[in-house]
Amino acid sequence: MCGIVGYTGERFASRILLDSLSRLEYRGYDSSGIALLTETNMQVIRARGKLRELSKKLEGEMTDARAGIGHTRWATHGVPSEKNAHPQLDPFGRVAVVHNGIIENWEDLRQQYGQGLFSSDTDTEVLAHMLVGGLDAGLDLVEAVQLILSKARGAYSFLAVDSQQPDRLVGARVGNAGGLVIGISEDESIVASDVSALLPYSQEFIFLESNEIVDIRPSVVEIFSSDGERKIRSPERLSLDPVTAAKGTYKHFMLKEIHEQPETLLNGMRGRYSGTSETIDLSSELNHERFSIENLKEINRCLIVGMGTSMHAAMIGRHYLEQFARIPTEVDNSAEFRYRRPLLDEKTLVISVTQSGETVDTLAAMEEAQRAGCPQITLSNSVGSQTTRLADSTIMLHAGPEIAVASTKTMIASVIALHGLSLFLGKQRGLLQPEVEQEQVHQALLLPAAVSNVLNFTDEIDKLAEKYSASNNFLFLGRGLGYPVALEGALKLKEVSYIHAEGYSAGEMKHGPIALIDDQMPTLAICTQGDVHDKMRSNIQQIRARGGAVIALVSEGDSSMDAIATDTLIVPDIDPILSPIPAVVALQLFSYGIATRRGADVDQPRNLAKTVTVE
Ligand code: F6R
């Protein structure tokens, strides 16, 4: 969950490190730090709080340094503070380490390999002690890193520098706690936790695999196995656009990303949904051997895994897979899945949904599926991410960079990707009627306009946000496809505004949550689904009878809730199976409106990180 960067070359290291860190701040932002090296000196500067605090401290310092490492932290061991910020040093100040992930046996390692007093509460510091111990015993830097890999358990990656070898960086990755990517350029090397931090500096990248060590000098990058065996690796060329990551005229990235969703949908459908023939085609994206028509006919079960918002997208996708591909489908929270010894075989298609492609629990679930021989597809927004390397096939979300920590456009992109995948699988299995394919493609292509319509209602939604912004508790209820929408509405509200919000299936309401209802507990009821509409009406009446306010989210033209709900939130009337998309967008705007009124930091909510690489 932390972001790590390193640079060695001809240019001013501090500027490049700070700039790269700013692109990684979404991974953690409770403290940050930097170690800078010149021929004769190593200076370490750390600050509590956001990166701007570090920038202030850095002004005018070590401007001649041409190498260094940096870190932006999401605390796991030790409270956010200057002493716990990275880089962490050995007691003599010879080496510095920045680290992401968790060293599980750090306390034992402290006992065994401590080289003196520890000055922080982190699991990282012991790595610096181990490194300096190795160097003092005559090991080379790479050998000292090998020693760490043989002793430190967990999933982690780190970068280190030795002040006595000022143009050299070493790093390693173990397991799936976030990657290390090395950007290659002439006469300089730059390395970071993910590729987004490196875009302005390089277009050629080496992705470090688990149990690999990297030894970096300005014009030489060498990769070794954890046993010290040299590995040959050619850089991959990726052309990505750093400019689209800018906030533009929007006040927050979250608002910008909400407004990008019509385009996100178009990009997600481009090349897959044909408006002229009204057909769907994903054949170029699926591994032909693994997903041949014969193999697809054999699949007798689907399992979609994901966390948080991605899991909510998966819950919507389950309806699509069952309806269009006729495959019994389960959705599992990746973290729960991996620990319940799931029954899997090669006839189970595992689909992972993860915008970052780096979520540690989702990666672990995929590894479990890999062991069982399941064919796997991942839906990811990050080129080259870990899940894309594990899966047999990748469906890219094509949502563009999502900088706000709360997922918005990547959820919508995941939902449309699952819709397309379900139609395509149904077609390949010979179970989708051509007229259903035609109708669904036609309806899906209406979505960008429908979402634009929701965005045109921003003022109305904002008025509702104003009215309810003082409430400290919220209930979100939905049935059928409205249920994951309710879960997502509640999650978005709690993460960006810190309001306590619960998402429930409306049928569950009478089994407990109704006890919460009073005039202080407003409910947002998702009422866009035709087949459960009457049931939602009854739920609303029951809540109103107990003094609770209800905002009914209804389709345009539906006035049936006007008399019973306290307020209505209107979204365009579209095919009910696609209705979660505009409904989720309306709820994103509602949460954003409330959060900004309450003065919350919507782009970087407290305690959260965009990529969750620790358990
Ligand atoms: C909520 C949110 C998180 C993520 C979850 C999974 O707004 O962003 O709940 O959805 O951490 O992340 P990915 O999709 O990267 O696997």
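Residues numbered from 1 in each chain as written. Predicted model: local features only at pLDDT ≥ 70, side-chain atom pairs only at ≥ 80, totals over all residues. Heavy atoms only, no water.

## Comments concerning the sheet that holds strand S24 (residues 500–505)
Applied cut-off: A strand pair is defined by DSSP finding two or more bridges across the two strands. Here a strand is any run of E in DSSP of at least two residues, a helix any run of H or I of at least four, and the numbering for each starts at the N terminus. Orientation is described by lines fitted to C-alpha atoms, with helices fitted over the stretch in contact, and by angles between N-to-C directions that extend from 0 to 180 degrees. Note on contacts: a residue pair is in contact if any heavy atoms of the two residues lie within 4.5 Å.
One open sheet accounts for five strands, arranged S24-S23-S25-S26-S27; its pairing is parallel. Two strands bound the open sheet, and with one partner strand each, they are S24 and strand S27 (567–571). For this sheet, the mean inter-axis angle between neighbouring strands, taken without regard to orientation, is 20°. Pairing of strand S26 (residues 550–555) with S27 involves five bridges; the strand directions are parallel. The residue bridging Val 554 from the neighbouring strand is Ile 570, located in S27. Lying on the sheet, helix H17 (residues 482–497) is in contact with strand S23 (473–478), S24 and strand S25 (523–526); it crosses S24 at an angle near 175°. Relative to the sheet, helix H19 (residues 580–597) contacts S23, S25, S26 and S27, its axis offset from that of S27 by approximately 130°.

## Description of the domain arrangement of the protein
The cut-off we apply is this: All the domain ranges listed were derived from an automatic or database domain assignment.
Taken domain by domain, the protein holds domain 1 (3–243), domain 2 (252–445) and domain 3 (457–597). Summarising the inter-unit geometry, the C-alpha centres of domain 1 and domain 3 are found 45 Å apart.

## Describing the environment of Asp 575
Note on placement: Asp 575 falls in the loop between S27 and H19. Spatially, the C-alpha atoms of Asp 575 and Arg 326 are 19 Å apart, while their sequence positions differ by 249 residues. Excluding its chain neighbours within four sequence positions, the residues that come into contact with Asp 575 are Gln 440 and Gln 443.

## Looking at the sheet that holds strand S14 (residues 230–231)
If you trace the seven strands from one edge of the open sheet to the other, you get S5-S6-S7-S8-S12-S13-S14, paired in antiparallel fashion. Of all strands in the sheet, those bounded by a partner on one side alone are strand S5 (88–89) and S14. Of the strand pairs in this sheet, strand S8 (residues 169–174) and strand S12 (residues 212–217) are connected by five bridges, and their pairing is antiparallel. Among the inter-strand pairings, Val 170 is bridged to a residue of S12, identified as Asp 215. Each of S5, strand S6 (95–103) and strand S7 (154–162) is contacted by helix H4 (residues 125–136), which is oriented at about 130° to S6, the strand it contacts most.

## Here's the deal with the pairing of strand S18 (residues 301–306)
Just so we agree on the cut-off: Throughout this description, buried means an accessible area under 20% of the type-specific maximum (1.4 Å probe, protein chains only), exposed means over 50%, and partly exposed covers the range between.
A large share of S18 lies buried, amounting to six of its six residues. Of the two faces of S18, both are covered, the one formed by Arg 301, Leu 303 and Val 305 as well as the one formed by Cys 302, Ile 304 and Gly 306. Note: S18 against strand S20 (residues 348–354), five bridges, orientation parallel. By the bridge assignment for S20, Ile 304 is matched with Ile 351. Where S18 lies against strand S19 (residues 329–333), five bridges are found, and the strand directions are parallel. Note on S19: the bridge partner recorded for Cys 302 is Thr 329.

## Description of helix H5 (residues 141–151)
So the rule is basically this: What qualifies as a polar contact is a pair of N or O atoms within 3.5 Å, subject to a donor-acceptor requirement within protein and to the restriction that residues adjacent in sequence count only when both atoms come from side chains.
For H5, the full list of buried residues reads Leu 141, Val 142, Ala 144, Val 145, Gln 146, Ile 148 and Leu 149. Buried residues belonging to H5 abut H4, S7, S8, S12 and strand S13 (220–225). A side-chain oxygen of the first residue of H5 lies 3.1 Å from the backbone nitrogen of Val 142; this N-cap is Asp 140.

## Some thoughts on the packing of aromatic side chains
Operational definition: Any two of the Phe, Tyr and Trp rings considered here, Trp counted by its six-membered ring, make a pair once their centres fall within 6.5 Å; the pair's planes then place it as stacked at under 30 degrees, edge-to-face at over 60, or tilted in between. Counted as over-ring charges are cases with an Arg CZ or a Lys NZ within 6 Å of the ring centre that also lie within 35 degrees of the ring normal.
One pass over the structure, following the stated rule, counts five aromatic pairs. Between Phe 474 and Phe 590, the aromatic rings sit 5.8 Å apart at their centres with planes inclined by 80°, giving edge-to-face as the arrangement. Placement of the pair is Phe 474 in strand S23 and Phe 590 in helix H19, with a sequence separation of 116 residues. We note that Phe 474, like Phe 590, is buried. Through successive ring pairs, a cluster of aromatic residues spans Tyr 468, Phe 474, Phe 476 and Phe 590. Taking the ring centre of Phe 207 as reference, the NZ or CZ of Arg 389 above it sits at 4.1 Å. When the ring centre of Tyr 498 is taken as origin, the NZ or CZ atom of Arg 606, which lies over that ring, is 3.8 Å away.

## Considering the site of the ligand
Formally: We call a residue near a molecule or strand whenever a single non-hydrogen atom of that residue lies within 4 Å of it. Using the Shrake-Rupley algorithm and a 1.4 Å probe, accessible areas are obtained, with residue cover drawn only from the displayed protein chains.
The environment of the ligand is made up of 13 residues, and the closest members are Ser 310, Thr 354, Ser 356, Thr 359 and Glu 495. Met 307 is positioned such that a nitrogen or oxygen atom in its backbone is 3.5 Å from an oxygen atom of the ligand. Contact distances for the ligand include 2.8 Å between an oxygen atom and a backbone N or O atom of Gln 355. For the ligand, the accessible surface in isolation is 410 Å², of which the surrounding protein chains cover 91%. Mapped onto the shell around the ligand, the elements with two or more residues apiece are helix H9 (308–325) and H17. Looking at which element gives the most residues to the shell around the ligand, the answer is H9, with three residues.

## Focus on the pattern of salt bridges
Put simply, the rule reads: Throughout this description, the term salt bridge denotes a Lys or Arg side-chain nitrogen within 4 Å of a carboxyl oxygen of Asp or Glu.
By the definition in use, this model includes 32 salt bridges. In this structure, Arg 217 and Asp 215 form a salt bridge, with 3.5 Å as the shortest nitrogen-oxygen distance. The partly exposed category is assigned to Arg 217, whose relative accessible area is 27%. For Asp 215, a relative accessible area of 3% translates into the label buried. A salt bridge links Asp 392 to Arg 290; the nearest nitrogen and oxygen atoms lie 3.3 Å apart. Of this pair, Asp 392 sits in the loop between helix H12 (386–390) and strand S22 (393–396) while Arg 290 is found in the loop between strand S17 (279–280) and helix H8 (293–298), placing the two residues 102 residues apart along the sequence. Here Asp 392 falls in the partly exposed class, since its relative accessible area comes to 28%. Judged by relative accessible area, Arg 290 falls into the partly exposed class, the value being 30%. Connected through salt bridges with shared partners, the residues Asp 140, Arg 168, Asp 215 and Arg 217 form a single ionic network.

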